[in-house]
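Notes for the structure review
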2 protein chains.
Amino acid sequence: MGSLARQVCMDSRIREQADVLVEQCAEIGEGDNVIVSGEPPSEDLLVAVAERCGELGATVDVSMGSDRAHRAYMRAVDTDDIELNEMGLAKVTEADAMINVRGQRNMTETSDVPPEKTQKRRAENKPIQQQVMDKRWVLTQFPTPSGAQKAEMSTDAYEEFVWSAINKDWDAVREHQAQLVDILEDADEVHIKSGDTTDIRMSIAGNVVKNDAAEHNMPGGEVFTAPRHETVEGEVLFDKPVMAQGREVNGARLVFEDGKVVEHSAEKNEEVLTSLLDTDDGSRYLGELGIGMNRDIDRFTYNMLFDEKMGDTVHLAIGMAYEDTVGEENERNDSAVHTDMIVDMSEESYIEVDGETIQRNGTFVFEEGFDPEA
Amino acid sequence: MGSLARQVCMDSRIREQADVLVEQCAEIGEGDNVIVSGEPPSEDLLVAVAERCGELGATVDVSMGSDRAHRAYMRAVDTDDIELNEMGLAKVTEADAMINVRGQRNMTETSDVPPEKTQKRRAENKPIQQQVMDKRWVLTQFPTPSGAQKAEMSTDAYEEFVWSAINKDWDAVREHQAQLVDILEDADEVHIKSGDTTDIRMSIAGNVVKNDAAEHNMPGGEVFTAPRHETVEGEVLFDKPVMAQGREVNGARLVFEDGKVVEHSAEKNEEVLTSLLDTDDGSRYLGELGIGMNRDIDRFTYNMLFDEKMGDTVHLAIGMAYEDTVGEENERNDSAVHTDMIVDMSEESYIEVDGETIQRNGTFVFEEGFDPEA
């Protein structure tokens, strides 16, 4: 029998990612019940996470999903027979923390599942999502060949991209982002303008501004809050593609009145957007306003976990507002949907907070090179 | 979008195995909660099982294990920190049925986990095993290259072996095996003699004889019951290897007095056998007497799921007796262990039931060619 020392012959960047997830994000300790889940290509990371959890004296439940089996099931089952997965709910209920790793072999594996079935399942499984929200949870990405392909990069270059965005000094990140949090706290109106196509205003008064450094997403690197959902007015063109239900929605455009989407269109896969908006009462309202600040994410990779953190961008999510972003006095928008959509703010763009320009073409008021009139 | 018809481009033997598991063994119906689990190489079967469950209107929870992550965790964790997996227990508790597919990449993946840790985990997770026993459950095998290697066969030949043993008319099997059940029901003493090395007697009076056709194991193909565990007397040499804790125990020999193992030895990995016997109070008593009757299993493949069903063999399991094999008047042997061990009955061997020879050199009294004095 070999020594019980760690497997040192693993890419050190995988170990570093595991340590970030286990220690900084999920803060695992002795006696914790931890669900560790991923896809087969991410297994090296699951190994490193399980090992770190073991060293810390936690109990782990490690599993890998099969999106091929999921797809086959979803196509075979009648929509009426899609019910809450009580087994999954019971499992999540017993967990203290969850570490979920994305890393599919084929990112479009569920692209031929009828959207109404996906929608039904999402609605039925809402109690699971709610349980997850009450735990310490973190969602991350493993750099797979499929992810590299989607990003139009080599696997080697994509690995470097992913691990640069993740493996860093998150205390320094938190401190930098706190400057934007200071501006947004106690603010009322946020006005986002980009070119001729996006001009939207919303109140965030009374809601909670979150500093996402090493929290629920890895990479982190955004500052976000919930709009007071009935105050959203104006129109937005999401000039980055939206991935939903395994498909790509391009050129999505939404028009808001009294917070509600009253008009929508897309250049490609508009029916996916329509299906999302029609999910339930809350899916036509905004649940999140986020501002991307992770400067190591320097390109769009068709992966929302990274794209929404990209510097020079803003994202809005239709659907559910996270509970911890809504102030006690304010109503929370609820929905089975939470889909982020990105606006590029790098050119002809600005963000105003209560009438004052706080970002121009991606550069913040507290950063070098900021020019409010640029 | 393609048609929603079944994926027909899959090896038809995989579909046939899925149908046997879903329909004949686990008897899945609308509204059932079904846990479907396996290892990555078995994914095709998980896809077919999930699809069939979907057609029948069940809810599935499909996942694949990572024995690499399990091994890393087990080596890293302190034995004292190994606790019941409450997440897994909660999940199993909500299930109506479980379909578990074996099909590892490397059958010795956990061979360098310290046995005392495996033993502790088995003891802690006993409530999970107990929950499983109360459900409709079935354990099967996918024909992987690693399984073929263990069997010293090509993958193609191993596939044919596995699917021949599984994909068959289980009603006909049940009828054939019922002839042995008839003999054992209402019987008292079973005497097993093989060469000079095995001579063991036990009472099965009052216990329940099970006809394993398409039940909890696939392949099925055995008739089994529980000995009245304190009546076992004599000695056994298990001339087929025993796989335990990822290791191979060869030449295991047990001596029983008043049902208890009072002497044991093995030619290879005796310490694994010792560790098994020392698990708890019940691990030195027998929990099962089984007689293999699956004639399509015509060779030993180092896989108990198949080996114990092989024609011309008998197997004894130390440890836990299945609840449904113990009569109401009899005491059930309980243990965290249930390890089967095989005696070859093909030569110089016989089985006597209450003094009457019912099998000689593998051929039963109700089969052509039977000669009590052969």
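Residues numbered from 1 in each chain as written. Chains lettered and ligands numbered in written order. Predicted model: local features only at pLDDT ≥ 70, side-chain atom pairs only at ≥ 80, totals over all residues. Heavy atoms only, no water.

This brings us to the sheet that holds strand E5 (residues 189-194) of chain A. In sheet architecture, strand pairing relies on hydrogen bonds along the backbone and comes in two forms, parallel and antiparallel. All names here are of chain A. Strand order across the open sheet formed by 8 strands is E14-E13-E10-E6-E5-E18-E19-E20, with antiparallel pairing between neighbours. Each edge of the open sheet carries a strand with a single partner, namely strand E14 (260-265) and strand E20 (363-364). Across 2 bridges, strand E19 (residues 356-360) lies against E20 in antiparallel orientation. By the bridge assignment, Arg-360 is partnered in E20 with Thr-363. Along the sheet face, helix H10 (residues 270-277) touches strand E13 (252-257) and E14 and points at about 165 degrees away from the line of E14. (Pairing = 2+ DSSP bridges. Helix = DSSP H or I, 4+ residues; strand = E, 2+ residues; numbered from the N terminus. Contact = heavy atoms within 4.5 Å. Axes fitted to C-alpha atoms, helices over the stretch in contact; angles between N-to-C directions.)

Next up on the list: the relation of the copies chain A and chain B. Structural alignment of chain A on chain B gives an RMSD of 0.1 Å, achieved by rotating through 180 degrees and translating 0.0 Å along the axis. These values place the two chain copies in the arrangement generated by a two-fold rotation axis. Here 100% of the interface residues in chain A have copies in chain B that are interface residues too; the copies meet face to matching face. (Least-squares fit on C-alpha atoms with pLDDT ≥ 70 in both.)

Residue and element names in this part refer to chain A. Once the domains are mapped, chain A shows domain 1 (12-166) and domain 2 (170-364). The C-alpha-based centres of domain 1 and domain 2 are spaced at 23 Å. If you look at the interface, domain 1 gives 34 residues, while domain 2 gives 32 residues. For the pairing of domain 1 and domain 2, the buried interface totals around 2900 Å² over both sides, and the portion due to carbon and sulfur atoms is 56%. Its largest share of buried area at the contact with domain 2, domain 1 owes to Arg-122, Lys-150 and Phe-161, together 20% of the area lost on that side. (Domains from an automatic or database assignment. Buried area = accessible area lost by both parts, 1.4 Å probe.)

All names here are of chain A. Here we have 5 strands laid out as an open sheet, ordered E7-E9-E15-E16-E17, and antiparallel in their pairing. Both outer strands of the open sheet, strand E7 (210-212) and strand E17 (338-344), are each paired with one neighbouring strand and no more. Averaged over all adjacent pairs, the angle separating strand axes in this sheet is 25 degrees, with direction ignored. Where strand E15 (residues 286-292) lies against strand E16 (residues 313-319), 6 bridges are found, and the strand directions are antiparallel. Paired with Ile-291 across the bridge in E16 is Val-314. Across the sheet, helix H9 (residues 170-184) touches E7, strand E9 (222-225) and E15, and the angle it forms with E7 is around 160 degrees.

A word on the pattern of salt bridges. Under the criterion given, the structure shown has 61 salt bridges over all chains. The salt bridge involving B:Glu55 is made with B:Arg52; its shortest N-O contact spans 2.4 Å. Of this pair, B:Glu55 and B:Arg52 both sit in helix H2 (residues 43-55), 3 residues apart, which is roughly one turn of that helix. Relative accessible area serves as the criterion here: at 32%, B:Glu55 is assigned to the partly exposed category. The buried category is assigned to B:Arg52, whose relative accessible area is 16%. In the salt-bridge network here, residues are joined through shared partners; they are A:Glu43, A:Asp44, B:Asp67, B:Arg68 and B:Arg105. (Salt bridge = Lys/Arg side-chain N within 4 Å of Asp/Glu carboxyl O. Buried < 20%, exposed > 50% of the residue type's maximum accessible area, 1.4 Å probe, protein only.)

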